[in-house]
Amino acid sequence: MITDLPSHRDEALFLTTRWTRVRLAKADSAAGRLALAELCEAYYEPVLAYLRYELRDVDAGRELSHAFFAEVLRGGRIEGADQERGRFRSYLLGAVKHFLSRHREALHSLKRGSGRVPLCMDDAEVAEVSDPHQLSPDAAFDRQWALTMLERSLNALRLQLNAEGRGPFFDRVRPMLTGEAAHGDQASIASECSMTVETFRVALHRLKRRLRQCVKEEISGTLEDDTNLEDEMQTLFAALSG
Amino acid sequence: MRDSLLDSRASRSSSSLLEGLSAKALMAEIMEPTQADDSGLGAMPPLSPEELAPHFPQLEILECLGRGGMGVVYKARQKSLNRVVALKLLAPERAGDPQFAARFEKEAHALAALNHPHIVAVYDFGLAGGFYYLLMEFVDGMNLRQLLQSKRLTPREALRIVPPVCAALQSAHEHGIVHCDIKPENLLIAHDGSVKIADFGIAKMIGHATDRENVHEAGTPDYAAPEQTSGQADHRADIYSLGVVLYEMLTGERPTKTIEAPSKRVQVDIRIDEIVLRALEKQPELRFSTVADLRQSVESLIQPSAPPIPSAAYSKKKRIIVGVLTGCLVIAGMGYWTMGRSHPKRPRLPYEEVVDFDQGRINESFADNVLSGRSGYAISPLGLAGTSGLALAETLNSEGTLAYKRKSYDLARLASLEISCCFKRQAFAGATHSITLGLTENMAGHFSGVPGAAFLGLRLKVEGEVMRFQFICKEAQVGPPRSWLQPGEIHTEEDEWYGLRVVFNRVSPNIVRVTGELKAVDRHGREGDTVAYFLPRDFAEPIFPLREILENPETWVAIRAVGPGGVSRVDDFHIIARPLPSADPVALDQPR
């Protein structure tokens, strides 16, 4: 039986989810399944994005991701190749693909036996080549993964600042995290936050450093060990480049 | 319990913390914290229609049409007026800048005031979801760049594009607006052949090198007048840009530093040289003083009072003349070959083959070559204009491929191969494709994925109640077919006749260029409106396994029609193979 997730959603987001925990946990243990459930809930969006792009239908994508996660959370074994286990992202994508192909087979055999007009079977094999101008489903998955990861990292940072009583500062400064873009006058924002311009610049710099730390923690949580961290960051950055 | 968790996610309202931020820029910042400035922004990946939808509740976002230097363009439907529009999103880096906002508004007002039949209209503008956006007229057609990529314009055709552009520019200049970014990508050519200028004034909005921030170049520098870099440009900059475009249309290339006169590169009237070179003068004072002057000069050449003066240096260089472009039908009155019976006794071209269904029997060479498919074809008296056509058997299970072989469809020896037919629509009944035109290696393969002969073709794929163009090709024996699906849905109606035309061009040993068109056709086979285009697209090795089929001198032209794919009858199966030009390249260019 899987126990309930913690009721405070914010804290659930904040908890570092460890892929290692899942990997090390015994397959049938409640702790293992709980950890897996947390990870899946955290990275629901990329699965949804993948299925939407693959099925080319928003509703079908949503329904199928629902079914996928339901199966995962019921304790169904996720099938996945061993070499993908180092990264939860690869593992989850493999699992979704496997799930999808099983689903398609089921759909096919249903139609085959239904006594209706037979479809042109050879079409199931036509391998579509991706248009460089459109995202492939895999690329959509990775891109959404990167977005979700950033969202979670920003949220983690926000919670930290909230706990320190500096929530409003985070809100004011958030648009400036991308760089030194002149979003409004720095001096006026500084005085809004009751700081001198110098102090403000230092505070912003420190905040960026903390964000970097949050991102690294978030990504590590999906890796088996940290040797892949730099590479994973590069991959996610590339995924955002479309 | 688990399920409720998943459901609650959907209803959880979340204002994203990424709102207003470029995710890529954020990630870049995280990875390289020592950068002090905005560098590395580059282009954002385009948002999907679903991601955009919440920011534009008044629109139904249909599809992404593409990305240009200024931003991304989407096709959308304006719900209140039920019309199709183009939504252009400008780069998000500007979103926080109040100076930009003021400039944007000013320019948008000026654009809206420009009301000209040859200028893409602006309906609305604003700021949503962190993007500045423009809501514009949707032009169903292609841009000049796409046209140039698919065919070589004759000098006449090139010149005919100029007057409407000049008329539009003149009107704009009189309103004090300079385009600043005239280039083939911004000249749109609609289905009916009319020309419209797009992206007016946007270049000015975005600004050029005068801005202190990093600006990614707004358009190709090749088209910009020399004085534009210093910010001193006036309306004469547009004249220069138009000159570059004209040069490129005539010669196929943009002018280099030392400009070579067009008549030295292609066979054109030398009076064109004067016009083009004057427009391309480095100093604005030496150019035409207004676009109206340029227009007048061009028009005098289109309607000559004296016969044209051929250029002295006629190049005898052999060039592949691309066959009739099906993507852009009529440019200012040039007639193109029309399908069907609109010309009752049109003399058949020596290289044209028509499959004769009208005798009430399939002709001999065809009879040898008919594949019966899964159930038979029958000649029926219910083709176009009451003549005989092929009816697919009345049961829903029918489909089949007809292969017609002629001596040589060796695409290495052809300029182009055009295949067309008409078909009548019936209800879709579960099949995933309806009609395919193309080439097969031998009779054993019928555009099918099962092990068999190599093929390539363009087909109409069926998805629910709509169709889509799809290019497919396969090598013999091995592997599944590869395909490319064009975005965009095609809507057709039951009991109506349509004409499908496909043109294959082998532009190089490894590359085949495909264009296609679906037109409505009346009961007599006369062409009506175009329903959809397959925009010119190149398919190349190694992704698409073309060689086998292209190198085979015995390829068969084939048509495959599927009853449950919505086809009840087929008629007017035409094949036109255009050989490479021999001595006289002009002969093939005549209007029919």
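Residues numbered from 1 in each chain as written. Chains lettered and ligands numbered in written order. Predicted model: local features only at pLDDT ≥ 70, side-chain atom pairs only at ≥ 80, totals over all residues.

## Regarding the overall build of chain B
Item 1. In terms of regular secondary structure, chain B is built from 13 helices and 22 strands.
Item 2. Taking the intrachain contacts of chain B between residues at least 6 apart in sequence as the baseline, contacts between residues at least 24 apart amount to 66%. (Helix = DSSP H or I, 4+ residues; strand = E, 2+ residues; numbered from the N terminus. Contact = placed C-beta atoms within 7 Å.)

## Notes on the overall build of chain A
Item 1. In terms of regular secondary structure, chain A is built from 11 helices and one strand.
Item 2. Listing every helix and strand of chain A by position from the N terminus yields α-α-α-α-α-α-β-α-α-α-α-α.
Item 3. Looking at chain A residue by residue over its 242 residues, the buried ones come to 31%.
Item 4. Across chain A, contacts joining residues at least 24 apart in sequence account for 60% of those joining residues at least 6 apart. (Buried ≥ 20, exposed ≤ 12 C-beta atoms within 10 Å, placed from the backbone.)

## Brief notes about helix α2 (residues 23-31) of chain B
Item 1. Taken across its nine residues, α2 of chain B has eight buried, putting it largely inside the fold.
Item 2. The secondary structure elements touched by the buried residues of α2 of chain B are α7 (137-163), α10 (197-220) and α11 (229-240) of chain A.

## Describing helix α10 (residues 270-279) of chain B
Residue and element names in this part refer to chain B.
Item 1. Three or more residues of α10 are buried, namely I272, I275, V276 and A279. Viewed along the axis of α10, the buried residues span an arc of 90°, placing them on a single side of the element.
Item 2. The inward-facing, buried residues of α10 contact α6 (155-174), α8 (236-251), α9 (262-265) and α11 (291-302). (Arc of directions from axis to C-beta.)

## Examining the sheet that holds strand β8 (residues 195-197) of chain B
All names here are of chain B.
Item 1. Within the open sheet, the three strands sit side by side as β6-β7-β8. Their pairing is antiparallel. Two strands lie at the open edges of the sheet, namely β6 (141-143) and β8, each paired on one side alone. The average undirected angle you get between the axes of adjacent strands in this sheet is 30°.
Item 2. The sheet contact formed by β6 and strand β7 (residues 187-190) spans three bridges and is antiparallel. Among the inter-strand pairings, M142 is bridged to a residue of β7, identified as I189. (Pairing = 2+ DSSP bridges. Axes fitted to C-alpha atoms, helices over the stretch in contact; angles between N-to-C directions.)

## Quick word on the pairing of strand β15 (residues 455-463) of chain B
Where a strand is regular, its side chains alternate between the two sheet faces.
Residues and elements named next belong to chain B.
Item 1. Most of β15 sits inside the fold, with eight of its nine residues counted as buried.
Item 2. In terms of strand pairing, strand β14 (residues 433-440) meets β15 through seven bridges, oriented antiparallel. Counted as the bridge partner of L437 is L458 from β15.
Item 3. Connecting the antiparallel pair β15 and strand β16 (residues 466-474) is a turn made up of two residues, with G464 showing a positive phi of about 65°.

## Some points on the packing of α8 of chain B against α10 of chain B
Residues and elements named next belong to chain B.
Item 1. Following both chains from N to C, one finds α8 and α10 inclined at 140°, their axes separated by 7 Å at the closest point. By the angle between their directions, the pair α8 and α10 is classed as oblique. Crossing of α8 against α10: the hand is left-handed. Between α8, through I239, Y240, L242, G243, L246, Y247 and L250, and α10, the contact on the second element is made entirely by I272, V276 and A279.
Item 2. Here the contact of α8 with α10 is built from residues that sort into nine nonpolar, one polar and no charged. (Parallel < 35°, antiparallel > 145°, perpendicular 65-115°, else oblique. Left-handed = near helix turned anticlockwise from the far one by under 90°. Nonpolar A, V, L, I, M, F, W, Y, C, P; charged D, E, K, R; others polar.)

## What to know about the confidence of the model for chain A
The predicted coordinates of low-pLDDT regions are not to be read in fine detail.
All names here are of chain A.
Item 1. The share of residues in chain A with pLDDT of 70 or more is 65%, and the mean pLDDT across the chain is 72.
Item 2. Within chain A, the element-level pLDDT minimum falls on helix α1 (residues 9-14), averaging 36, and the maximum on α7, averaging 90.
Item 3. Low pLDDT, under 50, characterises residues 1-17; the stretch is placed with 30 contacts to residues that sit more than four places away or in other chains.
Item 4. Confidence drops under a pLDDT of 50 for residues 111-125, and excluding neighbours within four residues, the segment shows 22 contacts in the predicted structure. (pLDDT = per-residue confidence, 0-100.)

## Section: the environment of G457 of chain B
All names here are of chain B.
Item 1. By the secondary structure assignment, G457 is in strand β15.
Item 2. Taking the number of C-beta atoms within 10 Å as the measure of exposure, G457 has 27 and is therefore buried.
Item 3. Between the C-alpha atom of G457 and that of F447, which follows or precedes it by 10 residues, the distance is 7.6 Å.
Item 4. Apart from residues lying up to four places away in sequence, G457 is in contact with T436, L437, G438, L439, F447 and I472.

## Points about the packing of α7 of chain A against α11 of chain A
Residues and elements named next belong to chain A.
Item 1. Orientation of α7 relative to α11, taken along the N-to-C sense of each, is 110°, at an axis distance of 8 Å. Our classification of the angle between α7 and α11 gives roughly perpendicular. With respect to the hand of their crossing, α7 and α11 are arranged in left-handed fashion. Contacts between α7 and α11 involve A139, D142, R143, W145, A146 and M149 on the former and, on the latter, L236, A239 and L240.
Item 2. The class makeup of the residues in the contact of α7 with α11 is seven nonpolar, no polar and two charged.

## Thoughts on the pairing of strand β3 (residues 83-90) of chain B
Residues and elements named next belong to chain B.
Item 1. Here β3 lies mainly inside the structure; six of its eight residues are buried.
Item 2. Taken together, the eight bridges between strand β2 (residues 71-78) and β3 define a ladder with antiparallel strand orientation. Directly across from V73, in β3, lies its bridge partner K88.
Item 3. Following β2, the chain reverses through four residues before pairing antiparallel with β3; N82 in that reversal takes a positive phi of roughly 50°.
Item 4. Bridge analysis of β3 against strand β5 (residues 131-137) gives five bridges, and the strand direction is antiparallel. The residue of β5 that forms the bridge with L87 is L135.

## Notes on the confidence of the model for chain B
Residues and elements named next belong to chain B.
Item 1. When pLDDT is averaged along chain B, the result is 72, and 67% of the positions lie at 70 or above.
Item 2. Scored below 50 in pLDDT, residues 305-346 shows 92 contacts in the model against residues more than four places distant or in partner chains.
Item 3. Counted against residues more than four places away or in other chains, residues 367-376, with its pLDDT under 50, gives 28 contacts.
Item 4. Reported confidence for the predicted complex is 0.77 by ipTM and 0.37 by pTM.

## Some words on unusual backbone geometry
Item 1. For S194 of chain A, which is not glycine, the phi torsion reads 60° and is therefore positive.
Item 2. Unusually for a residue other than glycine, N82 of chain B sits at a positive phi of about 50°.
Item 3. Exposure remark for N82 of chain B: the 8 C-beta atoms within 10 Å place this residue in the exposed category.

## So, the environment of R87 of chain A
All names here are of chain A.
Item 1. Along the chain, R87 turns up in the loop between α5 (58-73) and α6 (88-112).
Item 2. When the C-alpha atoms of R87 and T222 are compared, they prove to be 6.0 Å apart, with 135 residues separating the residues in sequence.
Item 3. Apart from the residues within four sequence positions on either side, R87 is in contact with T222, L223, N228 and E232.

## With respect to the nonpolar core
Residue and element names in this part refer to chain B.
Item 1. Counting 74 residues, the largest nonpolar core has L87, Y133, V165, L246 and A279 as the members making the most contacts within it.
Item 2. Residue contributions to this core peak at 10 residues, all from α8.
Item 3. Of the residues that make up this core, three or more belong to each of domain 1 (19-137) and domain 2 (142-208 + 218-302).
Item 4. For Y133, the residues in contact, after removing those within four places along its chain, are L87, K88, L89, L90, F125, G126 and A128.
Item 5. With 59 residues, the next largest nonpolar core counts F423, F471, V503 and F544 among its residues. (Core = buried A, V, L, I, M, F, W, Y, C linked by C-beta atoms within 7 Å. Domains from an automatic or database assignment.)

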